[in-house]
Amino acid sequence: MLYHIVQASNDLDFGLKAKAAFYAAICPIKDLPRVILPTGNTPAPFYAALRNDPTNKPFHYLQLDEYHGLSADDPILFSNWLARDVLDPLNITNRMIFNSADDPASEIPRIHQWYRENSRVDLAVISIGENGHVGFNEPWTRFDSLAHMEEMTDQTWDTNCKYTGREVPRKVITLGMAELKLADQTILLVRGEKKAKILADALTGEITPKVPASYLQLQRNVIVIADAAALSRMPS
Ligand code: PGA
């Protein structure tokens, strides 16, 4: 595996280091870079750093995951959250987003079709769940899975309810492991002691769908941006 760990000393430093890795990855790309971005608590300092930087290189945003069954204007939709936090402030207008309210019987094939026609992904920025999920690919999702509907585990659902401050749908739409694997480069963002064990498992343990993030060991060009607490269980 070709991975490189960058340790951040605090949240501000984390954001700046993630931003530097982000622009280093996309600036050399001649076409409009295609970039998968995550939501959640982890990337918050990164997005703050992006908002505060006038560099503002355009890119094509590719949605990673979304709650299913909410109306398009619901503020907790990840697409709306990311629009408020990053895409609108940066003036990113090219967006491949999921339609939460649409019938999955047509929405999932639409996503597959998009990736069949646009198979290049330049960068995937992801975070990791405490059980090793990436996007909403929960443990035991096959590494060759395409975008699909998933039912959150109780733990993931609980975290999401706390995060949004209300009861969220159990069903979600997520890019599959296969679309994540298309990425030429991957930036994994990890903060906090709660993620230390799973980070060590993912990067140094068995490569197995039981720990979806262990797919990173099969990827080329992986940069891990992490704080000291998240790195505390990595073998020395
Ligand atoms: P978090 O979520 O960044 O809010 O910890 C990550 C995840 O569960 O995928």
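First things first, this report covers the structure right here in the doc. The shown structure was predicted, so the numbers you read here are calculated from the model rather than taken from an experiment. (Residues numbered from 1 in each chain as written. Predicted model: local features only at pLDDT ≥ 70, side-chain atom pairs only at ≥ 80, totals over all residues. Heavy atoms only, no water.)

1. Quick word on the nonpolar core
Generally speaking, soluble globular proteins have nonpolar side chains that are buried together.
Argument step 1. In terms of nonpolar packing, the biggest core is built from 38 residues, with I111, L180 and L199 touching the most fellow members.
Argument step 2. Sorting the residues of this core by element identifies α4 (104-117), β6 (121-127), α6 (177-181), β9 (183-190), α7 (196-204) and β10 (222-227) as the ones contributing at least two each.
Argument step 3. Considering every element that reaches this core, the biggest residue donor is α7, with 5 residues.
Argument step 4. For L180, the contacting residues outside a window of four places in its chain are I36, L64, A124, I126, V134, N137, Y215 and Q219. (Core = buried A, V, L, I, M, F, W, Y, C linked by side-chain atoms within 4.5 Å. Buried < 20%, exposed > 50% of the residue type's maximum accessible area, 1.4 Å probe, protein only. Helix = DSSP H or I, 4+ residues; strand = E, 2+ residues; numbered from the N terminus. Contact = heavy atoms within 4.5 Å.)

2. Looking at the pairing of β10
Argument step 1. In terms of burial, β10 is a largely internal element, 5 of the 6 residues being buried.
Argument step 2. Across 6 bridges, strand β1 (residues 3-8) lies against β10 in parallel orientation. Within β10, the position partnered with Q7 by the bridge is A226.
Argument step 3. Bridge analysis of β9 against β10 gives 5 bridges, and the strand direction is parallel. Each bridged residue has a counterpart across the sheet, and for T186 the counterpart in β10 is V222.
Argument step 4. As a crossover connection, the stretch from β9 through α7 into β10 is right-handed. (Pairing = 2+ DSSP bridges. Right-handed = clockwise from strand over helix to strand, strands pointing away.)

3. Comments concerning the site of the ligand
Argument step 1. Taken together, G40, N41, T42, S127, I128, G129, H133 and K195 form the complete shell of residues around the ligand.
Argument step 2. Between the ligand and H133 there is a distance of 2.8 Å, counted from an oxygen atom to a side-chain nitrogen or oxygen.
Argument step 3. Relative to its free-state accessible area of 280 Å², the ligand is covered by the protein chains to the extent of 80%.
Argument step 4. In terms of residue class, the shell around the ligand is built from 1 nonpolar, 6 polar and 1 charged. (Near = heavy atom within 4 Å. Polar contact = N/O pair within 3.5 Å; in protein donor to acceptor, adjacent residues only side chain to side chain. Areas by Shrake-Rupley, 256 points an atom, 1.4 Å probe, with all protein chains shown as cover. Nonpolar A, V, L, I, M, F, W, Y, C, P; charged D, E, K, R; others polar.)

4. Quick word on unusual backbone geometry
Argument step 1. Phi at N91 is positive, roughly 65°, even though this residue is not glycine.
Argument step 2. By the element assignment, N91 lies in the loop between α3 (78-87) and β5 (95-96).

5. Considering the sheet that holds strand β7 (residues 148-151)
Argument step 1. Pairing within the open sheet is antiparallel, and its 3 strands lie in the order β4-β8-β7. In the strand order of this sheet, the two ends are held by β4 (65-67) and β7, each with one partner. Across the sheet, the mean angle from the axis of one strand to that of its neighbour is 30°, orientation sign disregarded.
Argument step 2. Pairing analysis gives 3 bridges linking β4 to strand β8 (residues 171-174), with the strands arranged antiparallel. Bridging across to β8, D65 finds its partner in T174. (Axes fitted to C-alpha atoms, helices over the stretch in contact; angles between N-to-C directions.)

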